[in-house]
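The lines below spell out each chain.
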Amino acid sequence: MTKTYQLKLGPLTRNLPLIKISPDVTIASFVLLGDAEMTHYAAKKLSKLIADVPFDYLITMESKGIPLTQALSWLTNHDRYIVLRKSVKDYMQHPISEPVNAITTNADQELVLDGADAELIKGKRVVIVDDVISTGGSVFTAKALVEKAGGTVVSQLAILAEGDAAARDDIHYLGKLPLF
């Protein structure tokens, strides 16, 4: 039987499976994809954290942040949001990429900003959105891409801060998730 960690976020409870990702680290696996109730709840709460923050675009990383960012976009009256992809796609125009290290993936990865999206955020204020921030590698890389494109990151949001990320003062989050 798989051991679990019980996550309580406001009125919601989820039993997250504990997954060993290295000899020294086990995580409580939080998967937002498919959880419409959690997505809606988190988007409502996160939208309040940025209610007084003027911004032009929300940006997220493929793939678990996409439904959250879509819901946040709707709640904050922003018609468009931007998704950083994990690889260059044929439709992209002059993509910009940066290598990224994430706690949940051992393989080399990159985040890619479509050049057309880079033009949109040039000179604009951007909020980075993620489901879970742990080491901060994905958020750090997203911020680097925004800055490379000429945008300014005005806030960084996540549903959960995992491990040491909960002590950071540059992110806003709804709950803490321990590492095991």
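Our subject is the structure listed above.
Residues numbered from 1 in each chain as written. Predicted model: local features only at pLDDT ≥ 70, side-chain atom pairs only at ≥ 80, totals over all residues. Heavy atoms only, no water.

1. Side note on the overall build of the protein
Put simply, the test is: Helix and strand assignments follow DSSP, with helices taken as H or I runs no shorter than four residues and strands as E runs no shorter than two, numbered in order from the N terminus. Values of the radius of gyration come from C-alpha atoms, whereas the globule rule sets the reference at 2.2 Å times the count of residues to the power 0.38. Categorising residues by exposure relies on relative accessible area from a 1.4 Å probe, with only protein chains included: less than 20% of the type maximum marks a residue as buried, more than 50% marks it as exposed, and the intermediate range marks it as partly exposed. By the convention used here, residues are in contact when the closest approach between their heavy atoms is within 4.5 Å. Each accessible area value is a Shrake-Rupley result obtained with a 1.4 Å probe; residue values ignore everything except the protein chains displayed when judging cover. Charged residues are defined narrowly, with Lys and Arg counted positive, Asp and Glu counted negative, and His plus the chain ends left uncounted. In this description, the location of a charge corresponds to atom NZ of lysine, CZ of arginine, CG of aspartate or CD of glutamate.
Looking only at helices and strands, one finds 4 helices and 10 strands in the protein. Put simply, the protein runs from its N terminus to its C terminus through helices and strands in the order β-β-β-α-β-α-β-β-β-α-β-α-β-β. Here the C-alpha atoms of the protein give a radius of gyration of 16 Å, agreeing with the 16 Å that 2.2 N^0.38 yields for 180 residues. For the protein, the spread of C-alpha atoms along the principal axes amounts to about 50 × 35 × 30 Å. Going through the 180 residues of the protein one by one, you find that 44% of them count as buried. The long-range share in the protein, meaning contacts at least 24 apart out of those at least 6 apart in sequence, stands at 59%. Summed over all atoms, the accessible surface of the protein reaches about 9,500 Å², with 50% contributed by carbon and sulfur. Computed over 19 positive and 21 negative side-chain charges, the separation of the two mean positions in the protein equals 6 Å.

2. Topic: the pairing of strand β4 (residues 57-61)
Rule in force here: A pair of strands is treated as paired once DSSP finds two or more bridges between them. The handedness of a crossover follows from its direction of travel: if, with the strands pointing away from the viewer, the path from the first strand over the helix to the second runs clockwise, the crossover is right-handed.
Taken across its 5 residues, β4 has 5 buried, putting it largely inside the fold. In this sheet, strand β8 (residues 125-133) lies alongside β4 in parallel orientation, the contact comprising 4 bridges. Bridge assignment links Y57 to a residue of β8, and that residue is V126. Following the backbone out of β4, through helix α2 (residues 66-75) and into the adjacent parallel strand β5 (residues 81-84), one traces a crossover that is right-handed.

3. Some points on the environment of P178
Secondary-structure assignment places P178 in the segment after β10 (172-177). Discounting residues that sit within four places of it in the chain, P178 has contacts with Y5 and E162.

4. Here we look at the sheet that holds β10
Heads up, the condition is: Each axis is a line fitted through C-alpha atoms, and for a helix only the stretch in contact is used; angles between axes span 0 to 180 degrees, taken between their N-to-C directions.
Read from one edge of the open sheet, 5 strands run β5-β4-β8-β9-β10, paired in parallel fashion. Both edges of this open sheet fall to β5 and β10, since each of them pairs with a single strand only. Taken pair by pair, the neighbouring strands of this sheet meet at an average axis angle of 25°, ignoring direction.

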